Amino acid sequence: MIRLLTRAQKLLRAAADEAMSEHGVRIGQNLVLEVLWAADGLSPGELATRLGVTTPTIVNTATRMVNDGLIERRPDPTDRRLVRLYLTDKARAAQTPIAEARRRLADHALATLTEEERRVMEVALQKIIDRMQSPPLP
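Basis of the calculations
Residues numbered from 1 in each chain as written. Predicted model: local features only at pLDDT ≥ 70, side-chain atom pairs only at ≥ 80, totals over all residues. Heavy atoms only, no water. Core = buried A, V, L, I, M, F, W, Y, C linked by side-chain atoms within 4.5 Å. Buried < 20%, exposed > 50% of the residue type's maximum accessible area, 1.4 Å probe, protein only. Helix = DSSP H or I, 4+ residues; strand = E, 2+ residues; numbered from the N terminus. Contact = heavy atoms within 4.5 Å. Salt bridge = Lys/Arg side-chain N within 4 Å of Asp/Glu carboxyl O. Axes fitted to C-alpha atoms, helices over the stretch in contact; angles between N-to-C directions. Parallel < 35°, antiparallel > 145°, perpendicular 65-115°, else oblique. Nonpolar A, V, L, I, M, F, W, Y, C, P; charged D, E, K, R; others polar. 1 Å grid on protein atoms, 1.4 Å probe; cavity = no way out; pocket = protein on both sides within 12 Å on 5 of 7 lines; lining within 4 Å. Points joined across faces, edges and corners; volume = space filled by probe spheres on them. Patch = residues over 30% accessible without salt bridge, like charges linked within 9 Å, V, L, I, M, F, W, Y side chains within 5 Å. Areas by Shrake-Rupley, 256 points an atom, 1.4 Å probe, with all protein chains shown as cover. Expected span 1.5 Å × (residues − 1). Arc of directions from axis to C-beta.

Asks: Explain the nonpolar core here, please?
Replies: The tendency in soluble globular proteins is for nonpolar side chains to be buried side by side. Membership of the largest hydrophobic core comes to 23 residues, with the highest contact counts inside it found for Leu33, Leu36, Leu47, Ile71, Leu85, Leu87 and Ile98. Taken together, the elements giving at least two residues each to this core come down to helix H1 (2-21), helix H2 (29-38), helix H3 (44-51), helix H4 (55-67), strand E2 (83-87) and helix H5 (89-110). If one sorts the elements of this core by residue count, H2 sits on top with 5 residues. In contact with leucine 87, other than residues within four places in its own chain, are Leu33, Leu36, Trp37, Asp40, Leu70, Ile71 and Arg92.

Asks: Where do I start with the pattern of salt bridges in this structure?
Replies: Pairing is possible between side chains that carry opposite charge, provided their charged atoms lie close to one another. Scanning the model with the defined rule gives 12 salt bridges in all. A salt bridge links arginine 74 to glutamate 72; the nearest nitrogen and oxygen atoms lie 2.7 Å apart. Linking arginine 81 and aspartate 79 is a salt bridge whose minimum nitrogen-to-oxygen distance equals 3.0 Å. The structure contains a network of salt bridges with shared partners spanning Glu100, Arg103, Arg104 and Asp107.

Asks: What exactly am I supposed to notice about the packing of H2 against H3 here?
Replies: Two quantities define a packed helix pair, namely the angle between the axes and the distance from one axis to the other. One way to put it is that H2 packs onto H3 with a least axis distance of 10 Å and a crossing angle of 110°. The orientation of H2 relative to H3 falls into the category roughly perpendicular. Counting all contacts with H2, which are made through Leu31, Val32, Val35 and Leu36, the residues of H3 involved are Leu47, Arg50 and Leu51. Tallied by class, residues from the contact of H2 with H3 come to 6 nonpolar, no polar and 1 charged.

Asks: Explanation requested: the layout of surface pockets in the structure shown.
Replies: Gaps left between atoms show up when a probe the size of a water molecule is rolled over them. In this structure, the largest pocket encloses a volume near 1200 Å³. Forming the walls of the largest pocket are 26 residues, and the residues nearest its centre are Ala8, Gln9, Leu12, Arg13 and Leu125. Among the elements that make up the lining of the largest pocket, the one with the highest residue count is H1 (9 residues). When the residues that make up the lining of the largest pocket are grouped by side-chain class, the tally is 18 nonpolar, 4 polar and 4 charged.

Asks: Just to check I follow, could you spell out a nonpolar patch on the surface for this structure?
Replies: On the surface, Met1, Ile2, Leu5, Met121, Leu125, Ile128 and Met132 cluster together into a nonpolar patch covering about 730 Å² of accessible area. Taken together, the elements giving at least two residues each to the nonpolar patch come down to H1 and helix H6 (115-133). Among the elements that take part in the nonpolar patch, H6 stands out by supplying 4 residues, more than any other.

Asks: It is not clear to me how H4 should be interpreted in this structure. Could you clarify?
Replies: Note: α-helices contain 3.6 residues per turn, so residues at a spacing of three or four share the same orientation. Its 13 residues give H4 an end-to-end C-alpha distance of 18 Å, which sits within 8% of 18 Å, the value for a rise of 1.5 Å per residue. Considered for burial, the residues of H4 that qualify are Ile58, Thr61, Ala62 and Met65. The buried residues of H4 occupy one face: seen down the axis, they fall within an arc of 105°. In H4, those exposed residues whose orientation departs by more than 90 degrees from the buried face are Pro56 and Asn67. In this fold, the buried residues of H4 make contact with H2, H3, strand E1 (71-75) and E2. Once H4 ends, the next one or two residues include glycine 69, with phi positive near 75°.

See the structure below:
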């Protein structure tokens, strides 16, 4: 079963990377953009919390995204020690095409599943995620 999950994840990741690159976005950056599309101007720490990753991961990703013209860093207006991440016009313009690319990818990946199979898979995957995020038993 783990072998199948790993293989499916690798195939989906490769397809998503290809789909995102058509819009100037690298895999993983689309997840950062999704959060910022919902709440622009977050700090790296706030973004890391929402994505369930470490702050250094976000700082490194943000540096690449600044270089790619997707986001910009600005000082926090009330706390000059903090930086906030804001979308650029390029990132805002990519929102609809990326959403459409993700929808097409999901439609393709799930095309042979019934609604019941999709529901069961979603529940099962969430249970796996929840379990793997909990501390292991001694």
